[in-house]
Amino acid sequence: MNKANLILKNATVLTMDKQFHIFSPGAVAINNDSIVDVGKETDIIAKHETDQIIDCEGKILMPGLINAHTHVPMTLLRGLADDLRLDVWLMGYMMPVEREFVSPEFVRLGTRLACAESIRSGITTFVDMYYFESDVAEATAEAGLRAICGQTVLKFSTPDATYYEESLEYAENFIKKWKDHPLIVPSIAPHAAYTCTDEILQACTELAIRYDIPLHIHISETAGEVEDIRKEFGMPVVPYLKKRDIFDAKVIAAHCVHIDEGEMRTLRRAGAGVAHNPSSNLKLASGFANTTRMLDLGLNVGIGTDGPSSNNDLDMIEEIRLASMIAKAVSGDPTALPARQTLAMATSMGAKAIHMDHLVGSIVPGKRADLILIDIGKVHNSPNFRRSPDSIYSQVIYAAKSTDISDVMVNGKWLMRNYTLLTLNEKVLMEEAQVYADKIDAFLIEREQSVISKLIAIGGAMEEESFEVQAKVRISNPDLIIESLYQDKIEVIYNRHYHEYDTYFYFEDENQGRLRYREDEFIDAKGEVTNVRSRLTLIGVTREGSFDRDVMLSRSRYYAPATHSLRFYREYFEPSRELDIEKDRKRYQVIYQGVDFYVNIDTLIEPNLGHFLEVKSRTWSREDAMKKSKLIADLIEYLGASSEKAEIQDYPEIVENFLNLNR
Ligand SMILES: [Zn+2]
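Residues numbered from 1 in each chain as written. Predicted model: local features only at pLDDT ≥ 70, side-chain atom pairs only at ≥ 80, totals over all residues. Heavy atoms only, no water.

Undergrad: Please set out helix α16 (residues 426-448) residue by residue, giving values where relevant.
TA: The terminal C-alpha atoms of α16, which comprises 23 residues, lie 32 Å apart, in line with the 33 Å expected from a rise of 1.5 Å per residue. Taken together, the buried residues of α16 touch α2 (86-101), α3 (104-120), α17 (451-457) and α19 (566-573). (Helix = DSSP H or I, 4+ residues; strand = E, 2+ residues; numbered from the N terminus. Expected span 1.5 Å × (residues − 1). Contact = heavy atoms within 4.5 Å.)

Dropping the structure here:
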């Protein structure tokens, strides 16, 4: 007789082993943290002496589910911002809120909330990527779950590090601290090719190899990411990463939505695992990962929920079902990803994909006792057919719900018994989570009230207030004005030629001013575009004043290079309307009477409104403005344009009036 602490009997045991053995009625013998035997109930009971036998009442007993990619603390950001494009969602909402709120306390609470939800969903192992990962690890271990915890490294500053060197240092200490823990596998997570530098990728790879830990990274999640890498480096993401040697490490590659067959082969040869995230890819419209082809080529593909703010839950049963159904719909082949194979992706194959199949993923003697019980005796799952051995797998993935999971064990320890969580108090966690949600709501409400604070929230932004005195006159012959710029009393310091595309955003609340997105094309002497630059300017709507001879004083409140696309700003700021203006600009910096001025000779192309002379100068006081306004009027006269029609409107106003007249 062998000794076991516990025997689970009277179950339909899905072992998910190589031969997909099913035992019904079957039993599993457990000693301490490990499975010691599995088989027919009568055999197991006959072979083992035990302290305790639990009757599973005909439920399904199977390996716990593996969530191959997630960001667990983001439970606290669930539902914060939805129905947005990935960049607006990430750069406009997630990252600014994370910079403000993510702390060790935030991460612990979010992790505990995620652990409660994960246990209820039958997850016994998850693969995480976030900040303050040591706190994620601690909260996870306390809840009794198993996890690969990946410390994120990014080229931007993060909630836990100003510079990436700090992230790496944090990561190394974290790895050393958790290396031999029974439940936690520390890991390093360079976020993605487009958010890391060569240096970061190399340092992370080196760390992963030195400590023999998995390297967790997002790969080719969106078509845009692949396009950008291809444009800059002339190759798609997987070869780009291969050149930087990251596949020398044990890689867990999240998403892989836009990879070709060659890239799939590279991943397989490198022994990398893929984490497929169907809900997240659907919700963010990232596309459809070709899992059928990956599996045909022999890649190990696991299934992940991704973070609970792009999903928005940690329901693995739903994820498994979607993985199967999407593969069928996309390939037009209902035999694609059958139930048994898809369930393997969340168990035995998932374990291989995350480099943990020596410990988890199937009910095999010697592996850890990470087990779940599913009650399929409910109305939505009856009756039962047993003619085909595969029908039990269909029941689990097509009919069962995560709410049918009644019991969960990790490392030989019960975390849920008969639907009751044993290591976490959900009521308290939900109350604490609500306190955070209220705080984050208040923060965003305040931010959304002002275009300026929204600008500052997306980073790289400085508020800078400057005043401008300017005058504008319509001219009929620009060449004459240009000629007269080269007279005795004027010194031309430099001149440039641009083609300018301006888009003005208007807001419901007019006091917010107008936000201008400007793309400047630099034109050389041959008339060719040599360079393009984009800038954002927030222009105060109120005219500060005007002086004699129609010289205006205005101010711009904010000025910065535009690092995102026009489309990004449009979706982020949600202007109530827009106005486009295209013009040709010859710009001269001149000194007149000892004072610096800009002289612009503009031709409005779209709409076609003719030529304008604009004279401007920056100023910081009203007194200075007064002095300069007089000089501006003189300069216009000196240039021979004083008899032309003065405009007391800026270009958007001129264009608006024109459009209104022609409507
Ligand atoms: Zn992710």
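We are not done yet, so read on.
Undergrad: Can you tell me about the coordination of the zinc ion, naming the residues and giving the values?
TA: Looking at the metal site, the zinc ion is ligated by His-69 (NE2), His-71 (NE2), His-218 (NE2) and Asp-306 (OD), spaced 2.1 to 2.5 Å from it. Coordination at the zinc ion is irregular, judged from the 4 donor atoms that bind it and the angles of 85 to 171° they form at the metal. Ordering the donors of the zinc ion by residue number gives the pattern H-x1-H-x146-H-x87-D. Placement of His-69 in strand β6 (residues 65-70) and of Asp-306 in the loop between β13 (300-303) and α12 (316-331) is noted, with a sequence separation of 237 residues between them. (Donors = N, O, S within 2.8 Å, 3.2 Å for Na, K, Ca; no water. Tetrahedral: all angles 85-135°; square planar, octahedral: opposite > 155°, others 65-115°.)

Undergrad: Any chance you could break down the packing of α2 against α16 for me, citing the residues and the numbers?
TA: Contact geometry of α2 with α16 gives a least axis separation of 11 Å together with a crossing angle of 120°. Seen from above, α2 lies across α16 with right-handed handedness. Of the residues in α16, those touching α2 at Gly-92, Tyr-93, Pro-96, Val-97, Glu-100 and Phe-101 are Tyr-436, Lys-439, Ile-440, Phe-443, Leu-444, Arg-447 and Glu-448. For the contact of α2 with α16, the per-class residue count stands at 8 nonpolar, 1 polar and 4 charged. (Axes fitted to C-alpha atoms, helices over the stretch in contact; angles between N-to-C directions. Left-handed = near helix turned anticlockwise from the far one by under 90°. Nonpolar A, V, L, I, M, F, W, Y, C, P; charged D, E, K, R; others polar.)

Undergrad: So what's going on with the pairing of strand β20 (residues 514-523)? Residues and values would help.
TA: Along any regular strand the residues' side chains alternate between the sheet's two faces. Summarising burial for β20: 9 of the 10 residues are buried, a large majority. Bridge count for strand β19 (residues 490-506) against β20 is 8 bridges, and the pairing is antiparallel. From the neighbouring strand, Tyr-501 faces β20, where its bridge partner is Glu-519. Where β20 lies against strand β21 (residues 529-539), 10 bridges are found, and the strand directions are antiparallel. Its bridge partner lying in β21, Leu-515 is registered against Leu-538. (Buried < 20%, exposed > 50% of the residue type's maximum accessible area, 1.4 Å probe, protein only. Pairing = 2+ DSSP bridges.)

Undergrad: If you had to explain a negative patch on the surface to someone new, which residues and values would you point to?
TA: Side chains of Glu-165, Glu-166, Glu-169 and Glu-199 sit close together on the surface and give a patch of like negative charge. Top element by residues in the negative patch is helix α5 (residues 164-178). It accounts for 3 residues. Take Glu-169: it is sitting in helix α5. Classification of Glu-169 as exposed rests on a relative accessible area of 53%. (Patch = residues over 30% accessible without salt bridge, like charges linked within 9 Å, V, L, I, M, F, W, Y side chains within 5 Å. Areas by Shrake-Rupley, 256 points an atom, 1.4 Å probe, with all protein chains shown as cover. Salt bridge = Lys/Arg side-chain N within 4 Å of Asp/Glu carboxyl O. Lys, Arg positive; Asp, Glu negative; His and termini not counted. Charge placed at Lys NZ, Arg CZ, Asp CG, Glu CD.)

Undergrad: Which residues make up the pattern of salt bridges, and what are the values?
TA: Counted according to the given criterion, the structure contains 44 salt bridges. Salt-bridge contacts for Glu-426 lead to Arg-120; the nearest nitrogen and oxygen are separated by 2.6 Å. In this pair, Glu-426 sits in helix α16 while Arg-120 sits in helix α3, placing the two residues 306 residues apart along the sequence. Taking relative accessible area as the criterion, Glu-426 reaches 26% and is therefore assigned partly exposed. For Asp-650, the salt bridge identified is with Arg-514, shortest N-O distance 2.7 Å.

Undergrad: Let's hear about the packing of aromatic side chains: which residues, and what values?
TA: Within this structure, the stated rule accounts for 14 aromatic pairs. Ring geometry for Phe-568 against Tyr-572: centres 5.8 Å apart, planes inclined by 25°, an arrangement best described as stacked. In this pair, Phe-568 and Tyr-572 are both assigned in helix α19, 4 residues apart and thus about one turn of the helix distant. The class of Phe-568 is buried, set by a relative accessible area of 0%. What makes Tyr-572 buried here is its relative accessible area of 0%. An angle of 35° between the planes, with centres 5.9 Å apart, marks the rings of Tyr-592 and Tyr-638 as tilted. (Phe/Tyr/Trp six-rings, centres within 6.5 Å; stacked < 30°, edge-to-face > 60°.)

Undergrad: Talk me through the nonpolar core; I want residue IDs and the actual numbers.
TA: In terms of nonpolar packing, the biggest core is built from 143 residues, with Phe-106, Ile-188, Ile-219, Leu-241 and Leu-343 touching the most fellow members. When residues in this core are grouped by element, the largest group, 9 residues, is from α2. Those residues within four positions of Leu-343 in sequence are excluded, and the remaining contacts are Leu-14, Met-16, Met-62, Leu-65, Ile-320, Tyr-393, Val-396 and Ile-397. In this structure, Ile-475, Leu-485, Val-615 and Leu-635 belong to the second largest nonpolar core, which totals 26 residues. (Core = buried A, V, L, I, M, F, W, Y, C linked by side-chain atoms within 4.5 Å.)

Undergrad: Account for the environment of Lys-628, with residues named and values stated.
TA: For Lys-628, the location among the structural elements is in helix α20 (residues 622-638). Lys-628 has contacts with Val-469, Val-595, Phe-597, Ser-617, Arg-618 and Thr-619, leaving out every residue within four places of it along the chain. Of the polar contacts made by the side chain of Lys-628, one reaches the side chain of Ser-617; its length is 3.4 Å. (Polar contact = N/O pair within 3.5 Å; in protein donor to acceptor, adjacent residues only side chain to side chain.)

Undergrad: Pulling in residues and values, what's your account of a nonpolar patch on the surface?
TA: A cluster of nonpolar side chains, namely Leu-282, Phe-288 and Val-330, defines an oily patch on the protein surface of about 280 Å² accessible area. Mapped onto the secondary structure, Val-330 falls in helix α12.

Undergrad: Run through the pairing of β6, naming residues and quoting values.
TA: Most of β6 sits out of view: 6 of its 6 residues are buried. In this structure, β6 lies alongside strand β7 (residues 123-130), joined through 4 bridges in parallel fashion. Considered in β7, the bridge of Asn-67 is made with Phe-126.

Undergrad: Give a description of unusual backbone geometry that names residues and reports values.
TA: Residues Ser-24 and Pro-25 are joined by a peptide bond in cis, for which omega reads -5°. Position of Pro-25 relative to the elements: it lies in strand β2 (residues 22-31). The omega angle of the peptide bond from Ser-382 to Pro-383 is 0°, so this bond is cis rather than trans. By the element assignment, Pro-383 lies in the loop between β14 (371-374) and α15 (391-399). In the Ramachandran plot, Met-16 falls in the positive-phi region, its phi being about 55° despite a non-glycine side chain. Among the structural elements, Met-16 can be located in the loop between β1 (2-14) and β2. On the basis of relative accessible area, Met-16 is assigned to the buried category, the value being 1%. One non-glycine residue, Asn-411, lies in positive phi territory at about 55°. In this fold, Asn-411 is placed in the loop between β15 (405-410) and β16 (413-417).

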